[in-house]
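# Tertiary structure, described
Single-letter residue listing:
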Number of protein chains: 2
Amino acid sequence: MPSSVAAFAAAAADTPLAPLAIERREVGPQDVAIDILWCGVCHSDLHYARNEWGRTVYPAVPGHEIVGRVREVGSGVKRHKPGDLVGVGCMVDSCRTCEPCTEGEEQFCAHQIGTYGGVEKGTQRQTFGGYSRSVVVDEHFVLRIPAGLDPAKAAPLLCAGITTYSPLRHWGVGPGKKVGVVGLGGLGHMGVKLAHAMGAEVVVFTTSPSKFEEARKLGADSAILSTDPAQMKAHNNSFHFILNTVSAAHNLDHYVRLLRRNGTMCLVGAPAEPHKGPGAWLLLGGRRSVAGSPIGGIRETQEMLDFCAEHDVTPETEVIAMGDINAAYERMLRNDVRYRFVIDMSTLG
Amino acid sequence: MPSSVAAFAAAAADTPLAPLAIERREVGPQDVAIDILWCGVCHSDLHYARNEWGRTVYPAVPGHEIVGRVREVGSGVKRHKPGDLVGVGCMVDSCRTCEPCTEGEEQFCAHQIGTYGGVEKGTQRQTFGGYSRSVVVDEHFVLRIPAGLDPAKAAPLLCAGITTYSPLRHWGVGPGKKVGVVGLGGLGHMGVKLAHAMGAEVVVFTTSPSKFEEARKLGADSAILSTDPAQMKAHNNSFHFILNTVSAAHNLDHYVRLLRRNGTMCLVGAPAEPHKGPGAWLLLGGRRSVAGSPIGGIRETQEMLDFCAEHDVTPETEVIAMGDINAAYERMLRNDVRYRFVIDMSTLG
């Protein structure tokens, strides 16, 4: 039997989020029903709620950094049992048969189903995200939250955590590597913590000297004022890897020239307007690369959660009540958040 | 004793190349004096002669695809002896102590000395290229031309050959890989031949259906009309690697979307105006990369020459006399060359 559950939804692009009852599908043989405890607030939530990508279906229930407790499992479920603390990230299903899926990189499946704004396989209904009482998800897309990880702080790992962890791992960040992080927001601050925990030398690029101390507290070895050409030039040809988390259009070449031979800058944000660069001469000069990376696969997301538990890496969060979400969006737009809002879903009412 | 040798030089950006006597340095202990037999004509020669990069010192003697015979060697020379058939490419020296140099990747040395337009270490004089009777080069930068390689056809390998061979090797092109080549000029046609010899499936992108048959003759498995969106779309997400040899600004995204997961497009040309793209979403969507690569190191250049001898890979060339060089430049500007001019240096007079 489908069940009606409380949620917070946007009814249109220009209306605030408000309470709405939504329907969750019946728990199938492979499904896990999760009572949601915490839900992180990602900038994508705001983009989606306000139809800034032009593909929102209303009503829209955002939220893809979900932590909760298993209430019920289907007859075929092997990986989870009632009472387990679990997480759900940006995907709730995929085709399971394409090359990326069979290689555990579901983030590249052309038919992946988003936690919100996707279309559910069986019901053909829109998927609704984690700003809600509960959710029903195929067990393959349900992560274990390891013991020792604060559940509230685990929530943002499901998107901000894996989005930064995956490229850091893919490009071999570790001891002996000099790693830059551009942008110190929800993604950037996780990039700093993770790269530091992986043993790399971490340098933060910021436009504000006031963030130097913050950057060091997060684990950065140093910070560079990106608006100061002299400071930037002193690091020319020196970075093995730069994680660029800025989603506003900017001149990539300011960073490309800082890459050493064979260095890569990976973008994890995508601006509405195109970036400037990269210039071909700069790429040629050091066999440099500019790349991009989206979230991560399910196997790697579990690996990331286990890594964070082992190395005590968690995001800086500010807990809010569900009713604060519209104010939180406004604060997010002013960068007034250190560094991730997490909704206490017990406040949903 | 320095020696005066015949050469062909540009006296200014807007004058045709004409005969000029230049001076070559005395043969030092590590030097090899080479009587030049053949010199390929690279588009860079034209850029330099006409000061299109704004850093030409006149008189300018272009030519960095040099094949000749050793006339004399210095007392400390071990790798070459008089009578040997040898080659010289784009570099005649480097610092020898930096990380790229010690790792055999002199192409990334910040102090590499260009075959023309560089500044010679000892004499502090400008270097002159291969449009000349002879040249004196440190033995480390002198390549062996393997037996079985036609000397005239070996010349373009020293720039066009290594510039395409190096990225194909670096990005692991071989059997089971689908490789695209954008642009069918001096570089592109070598890219096709080399990728084919390496065992890859090779697809040529061209703006002219008339080149389909040519592409196949060069070793391509198929060709795509890059101006036909339907033909392009049919190859979405399918290329492991794309070698982009076009040096005119264009929209990179037309090709980036054809890369499969983890695919790379490598630029080997650099336009005066910036390219359009790559778009961040396209990079993110498949963890794709856009990179660049310049020539190659000395060790790899020797490897490439040996590979070409073994696999019978040589450029398509048209032999010209030295006096034809100005007309050849004009033809090059009209893409009226299949695919590389080589100067018979016996015609220098």
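About the criteria used
Residues numbered from 1 in each chain as written. Chains lettered and ligands numbered in written order. Predicted model: local features only at pLDDT ≥ 70, side-chain atom pairs only at ≥ 80, totals over all residues. Heavy atoms only, no water. 1 Å grid on protein atoms, 1.4 Å probe; cavity = no way out; pocket = protein on both sides within 12 Å on 5 of 7 lines; lining within 4 Å. Points joined across faces, edges and corners; volume = space filled by probe spheres on them. Nonpolar A, V, L, I, M, F, W, Y, C, P; charged D, E, K, R; others polar. Phe/Tyr/Trp six-rings, centres within 6.5 Å; stacked < 30°, edge-to-face > 60°. Helix = DSSP H or I, 4+ residues; strand = E, 2+ residues; numbered from the N terminus. Buried < 20%, exposed > 50% of the residue type's maximum accessible area, 1.4 Å probe, protein only. Lys NZ or Arg CZ within 6 Å of the ring centre and 35° of its normal. Axes fitted to C-alpha atoms, helices over the stretch in contact; angles between N-to-C directions. Parallel < 35°, antiparallel > 145°, perpendicular 65-115°, else oblique. Contact = heavy atoms within 4.5 Å. Buried area = accessible area lost by both parts, 1.4 Å probe. Salt bridge = Lys/Arg side-chain N within 4 Å of Asp/Glu carboxyl O. Core = buried A, V, L, I, M, F, W, Y, C linked by side-chain atoms within 4.5 Å. Domains from an automatic or database assignment. Polar contact = N/O pair within 3.5 Å; in protein donor to acceptor, adjacent residues only side chain to side chain.

### A word on empty space enclosed by the protein
Rolled over the atoms, a probe with the dimensions of a water molecule shows which regions are left empty. All names here are of chain B. Inspection of the entire model under this criterion finds five cavities of 30 Å³ or more. Put simply, the largest cavity is a space of about 80 Å³. Lining of the largest cavity is provided by Gly89, Cys90, Met91, Phe141, Leu143, Leu158, Ile162, Ile295, Gly296, Ile298 and Thr301. Residues belonging to the lining of the largest cavity are distributed by class as follows: eight nonpolar, three polar and no charged.

### As for the packing of aromatic side chains
With the rule as written, the count across this model stands at 12 aromatic pairs over all chains. Between the aromatic rings of B:Phe205 and B:Phe239, the centroid separation amounts to 5.4 Å while the plane-to-plane angle is 50 degrees, which identifies the pairing as tilted. Linking B:Phe205 in strand β11 (residues 201-206) with B:Phe239 in strand β13 (residues 239-244), this pair joins segments that are 34 residues apart in sequence. When its relative accessible area of 2% is taken as the criterion, B:Phe205 is described as buried. With relative accessibility at 0%, the residue B:Phe239 sits in the buried group. Cluster of aromatic residues (ring-pair linked, three or more members): A:Phe205, A:Phe239 and A:Tyr255. Here the guanidinium or amino end of A:Lys178 rests over the ring plane of A:Phe239, the centre of that ring lying 4.6 Å away.

### Examining the packing of helix α4 (residues 160-170) of chain A against helix α10 (residues 298-311) of chain A
Residues and elements named next belong to chain A. Look at α4 against α10: their axes get within 10 Å of each other, and the N-to-C directions meet at 100 degrees. When the axis of α4 is compared with that of α10, the two are roughly perpendicular. Of the residues in α10, those in contact with Gly161, Ile162, Tyr165, Ser166 and Arg169 of α4 are Glu300, Thr301, Glu303, Met304 and Phe307. Grouping the constituent residues of the contact of α4 with α10 by class yields four nonpolar, three polar and three charged.

### Side note on the interface of chain B and chain A
Every contact between the two is made by 35 residues of chain B and, on the other side, 35 residues of chain A. Interface area lost by chain B to chain A is led by B:Arg261, B:Leu284 and B:Arg287, which between them contribute 29%. On inspection of chain B and its partner chain A, the count reaches 10 salt bridges. Counting only elements with at least two residues in the side of chain B that touches chain A, the list comes to α2 (99-102), α4 (160-170), β14 (259-267), α9 (280-286) and β15 (289-292) of chain B. Looking at the side of chain B that touches chain A residue by residue, the class counts come to 16 nonpolar, 12 polar and seven charged.

### Some points on the nonpolar core
Ranked by size, the top nonpolar core spans 93 residues in total, and within it A:Val41, A:Tyr131, A:Leu194, A:Ile325 and A:Tyr329 carry the most contacts. Two domains each provide a minimum of three residues to this core, namely domain 1 (3-159 + 316-347) and domain 2 (161-292) of chain A. The residues contacting A:Val41, other than those within four sequence positions of it, are A:Glu65, A:Tyr131, A:Ile320, A:Ile325, A:Tyr329, A:Met332, A:Arg340, A:Phe341 and A:Ile343. Listed in part, the 90 residues of the second largest apolar core include B:Phe128, B:Val181, B:Met190 and B:Leu305.

### Comments concerning the domain arrangement of chain A
Residues and elements named next belong to chain A. For chain A, the assigned domains read domain 1 (3-159 + 316-347) and domain 2 (161-292). Centre-to-centre separation of domain 1 and domain 2, based on C-alpha positions: 29 Å. Roughly 880 Å² is buried in total at the junction of domain 1 and domain 2, and carbon and sulfur atoms are behind 46% of that figure. The largest share of the area that domain 1 buries against domain 2 comes from Cys159, Glu316 and Tyr339, three residues that together contribute 59% of it. A salt bridge links glutamate 316 to lysine 193; the nearest nitrogen and oxygen atoms lie 2.5 Å apart. Viewed at the interface, domain 2 and domain 1 are joined by 10 residue pairs in polar contact (both at pLDDT 80 or more). The class makeup of the residues in the side of domain 1 that touches domain 2 is five nonpolar, one polar and three charged.

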